[in-house]
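Fold and contact review
Read off the chains here:
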Protein chains: 2
Amino acid sequence: MIVKKYDEVKKEEIKKEDVKGTFIRWLIGPDSPAPHFHMRHFEIEPGGHSPFHSHDFEHEVYVLDGKGRLNTEGDPIPLEKDSFALVMPGEKHQFENIGNQTFKFLCFIPKEEQCYK
Amino acid sequence: MIVKKYDEVKKEEIKKEDVKGTFIRWLIGPDSPAPHFHMRHFEIEPGGHSPFHSHDFEHEVYVLDGKGRLNTEGDPIPLEKDSFALVMPGEKHQFENIGNQTFKFLCFIPKEEQCYK
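Residues numbered from 1 in each chain as written. Chains lettered and ligands numbered in written order. Predicted model: local features only at pLDDT ≥ 70, side-chain atom pairs only at ≥ 80, totals over all residues.

Describing the overall build of chain A
Scanning chain A from terminus to terminus reveals zero helices and 10 strands. In terms of C-alpha radius of gyration, chain A reaches 13 Å, essentially the compact-globule figure of 13 Å for 117 residues. Seen along its three principal axes, the alpha-carbon backbone of chain A occupies a region of about 40 × 30 × 30 Å. For chain A, the proportion of contacts with a sequence separation of at least 24, taken over those separated by at least 6, is 65%. (Helix = DSSP H or I, 4+ residues; strand = E, 2+ residues; numbered from the N terminus. Rg over C-alpha atoms; globule rule 2.2 N^0.38 Å. Contact = placed C-beta atoms within 7 Å.)

Structure representation (structure tokens):
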């Protein structure tokens, strides 16, 4: 059993192309004994965003704080505290902060994937 | 892609032995196309608790609000907003509200499991 507060875990800036002001914490990640999936905590600064991309695995996302949007190949979808999202494998997506506060969300992925690790 | 607010999903009381004042929303559940794992939203009323039990799959939990504790075979572990927990397969556990507000948390399980469904 592992129990911690999210801010006991190291926050790392994601330094990749098409990423701005985006930080990750691997709350339950490859270094844990989790059998099937990983829990990551994201913070995106005002004006920041993750890359507009797709991959062959899903995201399950729950918004903790702030005001953002999910950019897609269709219309952008607003996200706020207590929104959740399922992004299916192959669907293009980008998380963008469109507010004045830090946009915070959880994003779960299958264990075999190490997106941003 | 599915995007909703958590309260757009039906809240169901869990009516089982050794469960008190506990409600579930299957945000991403068996009715969704999620490939690997399910997202459930729990609310436990003051004085309420989930059962003290174990099973052969894991829980990944993130606390959204309120004050609770994770009862184990050892000492109970306090839980509050922004705590997270990994309960491994086979570990006995119970979530209990020890505060005056609703205790809210997310709990993720593998897709093949339908605990409380």
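With respect to the relation of the copies chain A and chain B
Each copy of the sequence occupies a distinct position, and chain A is placed on chain B by a rotation of 180° and an axial shift of 0.0 Å, giving an RMSD of 0.0 Å. The symmetry that links the two subunits is that of a two-fold axis. Counting the interface residues of chain A, we find that 100% of their copies in chain B are interface residues as well, pointing to one common contact surface. (Least-squares fit on C-alpha atoms with pLDDT ≥ 70 in both.)

Remarks on the interface of chain A and chain B
Counting from both sides, the interface comprises 33 residues of chain A and, opposite them, 33 residues of chain B. Among the secondary structure elements, those contributing two or more residues to the side of chain A that touches chain B are β1 (2-5), β3 (20-28), β4 (37-49), β5 (59-65), β8 (83-87) and β10 (103-110) of chain A. Broken down by class, the residue content of the side of chain A that touches chain B amounts to 23 nonpolar, four polar and six charged. Pairing between β1 of chain A and strand β8 (residues 83-87) of chain B: four bridges, direction antiparallel. Paired with V3 of chain A across the strands is A85 of chain B, a residue of β8 of chain B. (Nonpolar A, V, L, I, M, F, W, Y, C, P; charged D, E, K, R; others polar. Pairing = 2+ DSSP bridges.)

Observations concerning the environment of Q94 of chain B
With respect to the secondary-structure elements, Q94 of chain B resides in strand β9 (residues 94-97). With sequence-adjacent residues up to four places away left out, Q94 of chain B is seen in contact with H49, S50, P51, F52 and N71 of chain B.

Some remarks on unusual backbone geometry
All names here are of chain A. At D18, a residue that is not glycine, the phi angle is positive and equals roughly 65°. Relative to the elements of secondary structure, D18 occurs in the loop between β2 (12-13) and β3. Since 10 C-beta atoms lie within 10 Å of it, D18 is described here as exposed. (Buried ≥ 20, exposed ≤ 12 C-beta atoms within 10 Å, placed from the backbone.)

Notes on the confidence of the model for chain A
For chain A, per-residue confidence averages 96 on the pLDDT scale, and residues scoring 70 or more make up 97% of the total. The ipTM assigned to the predicted complex is 0.96, against a pTM of 0.96. (pLDDT = per-residue confidence, 0-100.)

Here's the deal with the environment of L106 of chain A
The topology assignment puts L106 of chain A in strand β10. Take L106 of chain A: there are 25 C-beta atoms within 10 Å of it, and that puts it in the buried class. Not counting chain neighbours up to four residues away, the residues in contact with L106 of chain A comprise M39, R40, H41, V61, Y62 and L64 of chain A together with Y62 of chain B.

Side note on the pairing of strand β4 (residues 37-49) of chain B
Here is the key point about a regular strand: its side chains alternate between the two faces of the sheet. All names here are of chain B. Two elements, strand β3 (residues 20-28) and β4, share seven bridges in a ladder whose sense is antiparallel. Following the sheet pairing, T22 is matched in β4 by I44. Of the strand pairs in this sheet, β4 and strand β10 (residues 103-110) are connected by eight bridges, and their pairing is antiparallel. Each residue of the ladder has a partner; that of R40, found in β10, is C107.

Section: the pairing of β3 of chain B
Residues and elements named next belong to chain B. Of the strand pairs in this sheet, strand β2 (residues 12-13) and β3 are connected by two bridges, and their pairing is antiparallel. When the bridges of β3 are listed, E13 appears paired with F23. Between the end of β2 and the start of β3, which pair antiparallel, lie six residues, with D18 showing a positive phi angle near 65°.

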